[in-house]
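Read off the chains here:
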Amino acid sequence: MQYNCAREMCGIAGYVGHRPAAPVLVDCLQRLEYRGYDSCGIAVVSDAGVFLRRSVGPIAEFREEVLSAAPTGTIGLGHTRWATHGRADLANAHPHASCDGAVLVVHNGVIENAFELRERLVRQGHRFTSDTDSEVVPHLLEQGLTEGLSMDEAVSKLPSQLVGSYAIVAVRQGQDELFVLRKGSPLVVGVGEGEYFPASDIPSFLPYAQRVIYLSEDEPFAIGRSGIRRLQGAGASRPAGPYLEVPEPVSLNVESVSKGSFQHFMIKEIMEQVGTIGRLLESPPATLATASELLRGAQSIKFVGAGTSYHASLYGQFLLATTLHLDSEACVSSEFQFRADALRPGAVVVALSQSGETADTLQAVRIARDRGARVIALVNSEGSSLTRAAEVVIPLRSGPELSVAATKSYTSQLVALTLLVERLSPDPMEGARTALEARDSLLELTSDAARAHIASLAHNLARHSQLLLIGRGGNYVTALEAALKIKEVAGVAAQAFPGGEMKHGPLALVAEGSPVILFYDRSQVDQAELAASELITRGAVIYTVGPQPLRSSSLHVRVHDAGAATAISQIIPMQLLAYELAKLRQLDPDHPKNLAKSVTVL
Ligand code: G6P
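One numbering rule holds for all chains: residues counted from 1, following each sequence as written. In keeping with the predicted nature of the model, local features appear solely for residues at pLDDT of at least 70, side-chain atom pairs appear and are counted solely at 80 or more, and the whole-chain, interface and lining totals rest on all residues. The side-chain values count all of the structure's non-hydrogen atoms but skip hydrogen atoms and water molecules.

A. Quick look at the overall build of the protein chain. Scanning the protein chain from N- to C-terminus turns up 17 helices and 25 strands. Within these notes, the globule rule equals 2.2 Å times the number of residues to the 0.38 power, and the radius of gyration is based on C-alpha atoms. In terms of C-alpha radius of gyration, the protein chain reaches 25 Å, essentially the compact-globule figure of 25 Å for 602 residues. Along the first, second and third principal axes, the C-alpha atoms of the protein chain reach 80 × 50 × 45 Å. Looking at the 602 residues of the protein chain, the share that counts as buried comes to 61%. Pairs at least 24 apart in sequence give 70% of the contacts found in the protein chain among residues at least 6 apart. Total accessible area on the protein chain stands at roughly 22500 Å², and carbon and sulfur atoms take up 51% of it. A residue counts as positive if it is Lys or Arg and as negative if it is Asp or Glu; His and the chain ends are not included. Charge placement uses NZ in Lys and CZ in Arg. For Asp and Glu, CG and CD serve respectively. Counting 53 positive and 64 negative side-chain charges, the protein chain places the averaged centre of each group 1 Å from the other. For the purposes of this entry, the term helix denotes a DSSP run of H or I that reaches at least four residues, the term strand denotes a run of E that reaches at least two, and both are numbered from the N terminus. Accessible area is worked out with a 1.4 Å probe on protein chains only. A residue is then buried under 20% of its type maximum, exposed over 50%, and partly exposed in between. What makes two residues a contact is simply this: any of their non-hydrogen atoms within 4.5 Å. Using the Shrake-Rupley algorithm and a 1.4 Å probe, accessible areas are obtained, with residue cover drawn only from the displayed protein chains.

B. Summary view of the layout of surface pockets. Only protein atoms enter the calculation, which uses a 1 Å grid: trapped sets of points that fit a 1.4 Å probe without letting it out are cavities, open sets showing protein on both sides within 12 Å along at least five of seven lines are pockets, and any residue with an atom within 4 Å of a point is a lining residue. Grid points are joined across faces, edges and corners, and a volume is the space filled by probe spheres set on the points. In this model, the largest pocket occupies a volume close to 670 Å³. Around the largest pocket, the lining comprises 43 residues; the ones closest to its centre are Leu-252, Asn-380, Glu-382, Gly-399 and Pro-400. Residue assignment for the lining of the largest pocket shows that the elements contributing at least two residues are α7 (273-282), α11 (385-389) and β20 (392-395). Residues that form the lining of the largest pocket fall into these classes: 14 nonpolar, 17 polar and 12 charged. In this entry, domain limits derive from an automatic or database-based domain assignment. Here the lining of the largest pocket spans two domains, since at least three of its residues come from each of domain 1 (8-255) and domain 2 (259-426). Here the nonpolar group is Ala, Val, Leu, Ile, Met, Phe, Trp, Tyr, Cys and Pro; Asp, Glu, Lys and Arg are the charged ones; every other residue, Gly included, is treated as polar.

C. Geometry of the nonpolar core. Definition used in this section: a nonpolar core is a set of buried Ala, Val, Leu, Ile, Met, Phe, Trp, Tyr and Cys residues joined via side-chain atoms within 4.5 Å. The biggest cluster of nonpolar side chains holds 80 residues, and the ones touching the most others in it are Val-350, Ile-376, Leu-378, Leu-469, Ile-486, Ile-517 and Leu-577. When residues of this core are assigned to their parent elements, the largest contribution, 11 residues, is made by helix α17 (residues 566-584). Three or more residues apiece are contributed to this core by two domains, here domain 2 (259-426) and domain 3 (444-589). Apart from the residues lying within four places of it in its own chain, the contact partners of Ile-517 are Leu-461, Leu-467, Leu-468, Leu-469, Ile-470, Tyr-543, Val-545, Met-574 and Leu-577. Val-24, Val-44, Val-66 and Ile-202 belong to the second largest nonpolar core, which has 36 residues in total.

D. Up close: helix α3 (residues 114-123). When α3 is considered as a whole, its buried residues turn out to be Ala-114, Leu-117, Arg-118 and Leu-121. Buried residues of α3, seen end-on, are gathered within an arc of 100 degrees and therefore sit on one face of the element. On its buried side, α3 packs onto β6 (103-111), α4 (136-146) and α5 (151-161). Directly after α3, the chain includes Gly-125, whose backbone phi takes a positive value near 105 degrees. In this context, the arc is that of the directions from the helix axis out to the C-beta atoms.

E. Structural detail: the site of the ligand. Taken together, 14 residues lie around the ligand, and Ser-309, Ser-353, Gln-354, Ser-355 and Thr-358 are the ones closest in. Val-404 has a polar backbone atom sitting 3.2 Å from an oxygen atom of the ligand. Its residues placed into classes, the shell around the ligand shows 5 nonpolar, 7 polar and 2 charged. Here a residue counts as near a molecule or strand whenever at least one of its heavy atoms sits within 4 Å of it. Side-chain atoms alone can form a polar contact between residues adjacent in sequence; in general such a contact is a pair of N or O atoms within 3.5 Å, and within protein one must be able to donate a hydrogen while the other accepts it.

F. Representation of helix α15 (residues 474-490) within the structure. With 17 residues, α15 extends 24 Å between its outermost C-alpha atoms, agreeing within 8% with the 24 Å of an ideal straight helix rising 1.5 Å per residue. Burial within α15 is extensive, with 15 of its 17 residues counted as buried. Among the residues trailing α15, Gly-491 stands out with phi positive, at a value near 65 degrees. A helix is expected to span 1.5 Å multiplied by its residue count minus one.

G. The packing of helix α9 (residues 308-324) against α15, seen in detail. Relative to each other, α9 and α15 sit at 175 degrees, their axes nearing to 9 Å. Taken as axis vectors, α9 and α15 run roughly antiparallel relative to one another. Only Gly-474, Val-477, Leu-480, Glu-481, Leu-484 and Lys-485 of α15 make contact with α9, whose side of the interface consists of Thr-308, His-311, Leu-314, Tyr-315 and Phe-318. Every angle, taken between N-to-C directions, lies between 0 and 180 degrees, and every axis is a line fitted to C-alpha atoms, over only the stretch in contact when it is a helix. Here the angle decides the label: under 35 degrees means roughly parallel, over 145 means roughly antiparallel, 65 to 115 means roughly perpendicular, and every other value means oblique.

H. Structural detail: the pattern of salt bridges. By convention in these notes, a salt bridge is any Lys or Arg side-chain nitrogen within 4 Å of a carboxyl oxygen on Asp or Glu. Counting across every chain of the model gives 26 salt bridges. Of the charged contacts, one joins Glu-65 and Arg-53 as a salt bridge, the two residues approaching to 3.9 Å between their closest N and O atoms. Of this pair, Glu-65 sits in helix α2 (residues 59-69) while Arg-53 sits in strand β3 (residues 49-56); the two residues are 12 residues apart in sequence, bridging distant segments of the chain. On the basis of relative accessible area, Arg-53 is assigned to the partly exposed category, the value being 29%. Note that Arg-374 and Glu-391 form a salt bridge whose closest N and O atoms lie 2.7 Å from each other. Here Arg-374 is found in strand β19 (residues 374-379), whereas its partner Glu-391 is found in the loop between α11 and β20, with 17 residues between them in sequence. Judged by its relative accessible area of 39%, Arg-374 falls in the partly exposed class. A single network of salt bridges, built from pairs that share partners, joins Asp-152, Glu-177 and Arg-229.

I. Highlighting empty space enclosed by the protein. Tallied over the entire structure, the rule returns 1 cavity of 30 Å³ or more. In this structure, the largest cavity spans a volume of roughly 110 Å³. As for the largest cavity, its lining consists of Ile-470, Gly-471, Arg-472, Gly-499, Leu-518, Phe-519, Tyr-520, Gln-524, Gln-527, Ala-528 and Ala-531. Sorting the residues of the lining of the largest cavity by element identifies β21 (466-471), β23 (515-519) and α16 (525-537) as the ones contributing at least two each.

J. Representation of the sheet that holds β6 within the structure. Here 7 strands make up an open sheet; going across it, the order is β5-β6-β7-β8-β12-β13-β14 and the pairing antiparallel. A single partner strand is all that each edge strand has here, and the edge strands are β5 (96-97) and β14 (241-242). In the packing of α5 onto the sheet, the strands contacted are β6, β7 (164-172), β8 (178-183) and β13 (227-230), and the crossing angle to β8 comes to about 10 degrees. When DSSP locates at least two bridges between a pair of strands, those strands are taken to pair.

K. Structural context of the confidence of the model for the protein chain. Here pLDDT means the predictor's own confidence in every residue, given as a number from 0 to 100. The predicted model of the protein chain has a mean per-residue pLDDT of 92, with 97% of residues at 70 or higher. Under a pLDDT of 50 for its full length, residues 1-8 has, in the predicted model, 37 contacts with residues more than four places off or in other chains.

Shown next, in the form of C-alpha cells:
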C-alpha cells in the first residue's frame, strides 16, 4: 500500500472540568483557527459513550451541526488542521481513534517513524482509516492496553516509541482524565477552578482560564478535575506524582482575543498599532540592555526569520548598516542551515518570530547554538519555544495576533530593532525620536479619511491579478512586506523589486495599464521620478507612497518621512490596502488560502 504520511501542523485543544465539553472545545478551537482551518473535529467522552464528529472546512460551518448533537459530557478534545502533506479530507481530520473506538487522540507535529510503526501495528492486526502519521498514536495506545498495560503505562511508553515532534492529547472512554505529552511542538495547560484546558496556545482558552502551566518536553501528564499528575515517562526527569508547581498568571486580557466591534482580526490588529508601538516605546523591555551588550561584542551578526519576520530581519540589517555602519546578514530561517558553516566564534544570531514556534526559525537557532553562537530572540508570543531556546529574549508585547497575516507584530519588530540598534548608537535618542514621529503619524494613516483613500486605491487595483512594488533601501523592505501582505490575503501576484533592478527583468512584466506602486523617501524623489517616467513609457499606471506625490502619480498616499523609522509607518497603508483588496475580491482576510499563521513543521 502506498502510505502517504500526512504531517500535522495544527491547533489542538482539550477540556476536562464541570461544563459540557463540546461548546468549550468548539470555542477554543475557533481561537486556534489561525493555526489551520482545512478540517476540524471534536470527541467528547461520557456515560453515553464516545461522541466523535469531524468535518472538512472551517469551524464556523461545523459549529451548528456539532453543538445541536453533542452530549453534555465534560471531558473531550478537539483539533483544527492545516494539511501540509495528505489531503484535507474527512478521513485525515482529527481526532483519530483506536480500532475499538475507545481511545481518541489529537496530535500536532510530525511523527517521523510513523511508517515503521504503522507497518508493525498493521501486522499486529490494527486497521487504519487515514493516511496521517498521527493515527499511529491511538493504535499504539490500544496495543499497549491489549498487552495488559494501564493507560498511564501506555502513555508513558510513547516517548520511547515516537520519533519526531508532537503535542498529543488523548482520552479513553471510561477514564476521567486527559493524557498529554509534548516534544518539539507547543502544548500548554490553562488552569481554571476545577477545570483544565490543554491547548496549543494561550489565546485558545483565555476567556475561561487566566493561569497557565508550560509543560516540559517528553514528560507525560494525566489531567483530571482535581489536578494534574506527572506520569513516569521514558524521558521524564522527575518522579511520578501530583504536579505541584504553581501555574503562572497570563498577562493577556480577554478583549485581546476577540474581534470586538471589528469585522475581522486583521483590521482590528492593524488599528491597534498606535497602541502597541507606543507601549513598546514608552516602556522598552529591560533585556534590550543585555542584548545590546551581546551585539557590541559580536564578531559577526546574523538575523534570521521567516515570512514577515524575515522582512523585519532585512530591516535590522538595513538599520545596522545605515546608522552604525555595521555589516550583518539577514537570512531566511530555512536557508540558515546552508550558511551555518560560515559561522565563526563570537557570532551573534538575532532570531525574529511572532509566534516563537516557527520550526525553521527554531532549527536555525538550534544550529546556531550548537556552533557556539549567542542567540537573541525578538518574540511576540510569551512562553513560546523560541523564548526558551534563546539566551536573551526581547518581548514584542503586541498582544495575541490572530489574523494569519502579521501586521502589528511586524511594526513591533521594527520598533524593537530600532531600540536595540539605538543602544549602540553615538546618538542614543535618535532612534526613539524618529520611531515616535512614525508612531504619531499612525493616527493620521489610520483615520477614516485615510482608510477611505486606501479603499479607492484598492478599487483601482482590484481587477488586476499582478502588481509590482518598487523601492530602494529601507523602502525596498516595505515593498517586500507590502507584496507579501497583498499576496497572502488578497491572492494577487504582487512582486517587489529594488528600483535599480527594474531594467534587469521586471520591466518585461509591464504592459499597458500594469499597476506599479513606488515607495520612496525625501532623498529619493528624483530617482523615483525617473523610475516612474520609465515605467509610464511602457504603459504602467503609477501609484505612489512617500512624503510628496510624483508628477505622474495616479494616486498618492502621503507618508511622513521619519528617516529610517519611516518603514514603521509606511507599511500601515499597505496593510490596509491588502485588507481592502481581500474584501473587494471577496476573500476572508483572516484566513488566506493554503496558509497558516504558525508553521510548526519543517
Ligand atoms: C507564516 C505566517 C506569516 C509569518 C511567518 C513567520 O508563514 O503565515 O504571517 O510571517 O509564518 O512566522 P513567525 O511566527 O515566526 O513570525
